[in-house]
Amino acid sequence: CETDQLVAVSLINMYARCGFIDESQDLLDDLPTRDVISWNILIAGYVNHGYHDQVFNCVKWMQHEGVFASAVTFMYLLKTCTDVGVTWKGMQVHVEIESRYFLEIDISIGSSLVDMYTKCGSISIAERVFGDITFRNVVLWNTLIAGYTEYGQGEEALQCFVEMRLEGISPDAVTFMCGLKACSIIGALGKAQKIHAEIETQGFVERDLAVGNTLVDVYAKCGLLIVAQTIFNRLLVRNIVSWNALIAGYTENGYGEKALELFKKMQLDDILPDAVTYLCILKACASIEGADKAEEIFADAEKHELLNNIFIGSTLVDMYAKCGSLAKGQAVFNNLPLRDVVAWNSLITAFAEYGHGEEALHCLEKMQFEGVSPNAVTFLSCLKACSSIGAIDKGIEMHTQIVREGLHEKYSSIANALVDMYAKC
């Protein structure tokens with residue numbers, strides 16, 4: 001009966017939301033009749049819990065039973081394509097959507113398409129889809145602006161900001177955040193301040209934590225630390241993102257002591273540091289040569305089981321190297337579960353800087369033996385090592401590889417290092 005059907009669909013929804021997808025699937029299989037709504041509930045469960053292959057299988061079975069996909073189904077398919085990063089599959093879904101004329105009747109489908117194409121890196125296709133949509137709302141504009149921002153196209157993002165206004169659409173909190181990030185990308189401080197003024201008139205700083213955090217981050221990155229600190233102080237609630245934005249600002253602008261002071265205050269405020277916090281604080285220790293303080297932070301990171309993070313490990317190696325503790329840097333490096341080019345570069349650069357040319361070149365050999373390819377930073381340090389110990393044969397070998405990869409044309413610093421190496425040898 002109809003009541004039993006409703007109860008079953010409600011159970012499918014509950015199990016799907018809680019992650020019990022197999023139970024949800026079993027209940028759907030037992031239904032005497034399955035409509036698009038019950039299928040969409042199951043598909044949503046698969047999407048939200050990352051079972052991407054099953055999403056496409058569900059849609060196939062649904063269509064095999066003669067049930068037509070709805071706008072909601074297509075949105076879930078596009079989200080799956082976005083999560084997996086399969087543009088070609090998204091394009092197939094796009095063709096089917098256009099055959100059903102959904103772009104004309106459902107703006108949410110249009111937003112999903114623009115989102116999928118931008119996140120998969122196909123900005124030009126996203127622009128075409130956006131241009132074909134007659135009615136555009138703030139969500140659709142935000143999707144395109146966020147896409148431009150994500151791929152570093154700050155000018156285009158800000159141009160959208162202007163065009164959106166010309167269409168009579170008012171920005172919301174998301175628009176303001178994307179606009180501020182776009183300003184940060186291209187260093188447009190004046191435009192950021194204009195957006196900030198508008199944010200103030202709408203009371204978003206105190207009302208929306210994400211907007212407040214973005215303002216702190218933008219001003220900190222632009223070096224206006226007093227303004228960043230003032231906005232931070234005004235935030236009614238502060239989360240880890242708020243603290244990280246300010247700590248990173250002080251660290252990147254050379255105020256290591258202040259960054260460490262904020263690190264203490266953050267913990268007093270019962271906010272647990274994350275990987276980003278430790279990265280910033282280890283850099284701060286390196287800038288003030290605070291190896292002793294770094295020992296405490298190292299122990300704290302170890303306690304929170306964050307030393308498996310390759311970025312933290314590399315930063316720790318770099319910090320010890322900059323503080324002159326090469327043995328400790330080497331010990332941390334040896335214990336890293338994974339060693340990428342950044343980790344190797346930290347150690348190689350340390351050896352080269354402190355006159356251990358042989359060790360630096362030995363590291364290069366081991367790194368390549370482990371299947372890690374050197375980059376421009378590696379070659380710069382290794383050429384310096386060759387110069388210090390007169391290893392002309394190794395220098396010539398590197399020169400050949402540099403020319404093969406075209407790095408001497410791409411980076412003037414590499415060309416200069418080659419000249420210096422030959423001159424000193």
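Basis of the calculations
Residues numbered from 1 in each chain as written. Predicted model: local features only at pLDDT ≥ 70, side-chain atom pairs only at ≥ 80, totals over all residues. Heavy atoms only, no water. Helix = DSSP H or I, 4+ residues; strand = E, 2+ residues; numbered from the N terminus. Buried < 20%, exposed > 50% of the residue type's maximum accessible area, 1.4 Å probe, protein only. Polar contact = N/O pair within 3.5 Å; in protein donor to acceptor, adjacent residues only side chain to side chain. Disulfide = S-S within 2.5 Å. Patch = residues over 30% accessible without salt bridge, like charges linked within 9 Å, V, L, I, M, F, W, Y side chains within 5 Å. Areas by Shrake-Rupley, 256 points an atom, 1.4 Å probe, with all protein chains shown as cover. Salt bridge = Lys/Arg side-chain N within 4 Å of Asp/Glu carboxyl O. Lys, Arg positive; Asp, Glu negative; His and termini not counted. Charge placed at Lys NZ, Arg CZ, Asp CG, Glu CD. Phe/Tyr/Trp six-rings, centres within 6.5 Å; stacked < 30°, edge-to-face > 60°. Lys NZ or Arg CZ within 6 Å of the ring centre and 35° of its normal. pLDDT = per-residue confidence, 0-100. Expected span 1.5 Å × (residues − 1).

Asker: How should the side chain of N142 be read in this particular structure?
Answerer: Inspection of the secondary structure puts N142 in helix α10 (residues 138-150). The class for N142 is buried, based on a relative accessible area of 8%. Of note is the side chain of N142, whose polar atom sits 3.0 Å from the side chain of D172.

Asker: Could you clarify how one ought to interpret the state of the cysteines in this entry?
Answerer: In a disulfide, the sulfur atoms of two cysteines are held together by a covalent bond. Here the structure, examined in full by the defined rule, presents 0 disulfides. Lacking any disulfide linkage, C160 is separated from the closest cysteine sulfur, that of C178, by 10 Å. The thiol of C386 is unpaired, and the distance to the nearest cysteine sulfur, on C425, comes to 6.8 Å. For C386, a relative accessible area of 0% gives the class buried.

Asker: Sorry, what's going on with a negative patch on the surface here?
Answerer: A cluster of acidic side chains, namely D22, E23, D26, D29 and D30, defines a negative patch on the protein surface. Topologically, E23 is positioned in helix α2 (residues 21-30).

Asker: Explain the packing of aromatic side chains here, please?
Answerer: Where two aromatic rings form a pair, the distance of their centres and the angle of their planes describe that pair. Applying the stated criterion to the full structure yields 8 aromatic pairs. Between Y46 and Y51, the ring centres sit 6.1 Å apart and the planes meet at 85°, which makes this aromatic pair edge-to-face. Its relative accessible area of 36% is what places Y51 among the partly exposed residues. Each ring, one from Y250 and one from Y255, has its centre 6.2 Å from the other, and the planes form 90°; the classification is edge-to-face. The exposure class assigned to Y250 is buried, which follows from its relative accessible area of 8%. Y255 sits in the partly exposed class, given a relative accessible area of 47%. By the ring-pair criterion, three or more aromatic residues cluster together here, those being F161, F176 and F204. One residue, R207, lies across the ring of F204, its end atom 4.6 Å from the ring centre.

Asker: Just to check I follow, could you spell out the confidence of the model for the protein for this structure?
Answerer: Should pLDDT be low for a region, the predicted coordinates there are not to be read in detail. Per-residue confidence for the protein gives a mean pLDDT of 85, with 93% of residues at or over 70. Put simply, helix α7 (residues 102-105) is where the protein has its lowest mean pLDDT, 59, and helix α16 (residues 225-234) is where it has its highest, 95.

Asker: Just to check I follow, could you spell out helix α23 (residues 341-353) for this structure?
Answerer: Note that an α-helix has 3.6 residues per turn; residues three or four places apart therefore point the same way. If you check α23, its first and last C-alpha atoms are 18 Å apart, about what 13 residues at 1.5 Å a residue would give, namely 18 Å. For α23, the tally of buried residues reaches 10 of 13 residues, placing the bulk of the element in the interior. Within α23, the full set of buried residues consists of V341, A343, W344, N345, S346, L347, I348, A350, F351 and A352.

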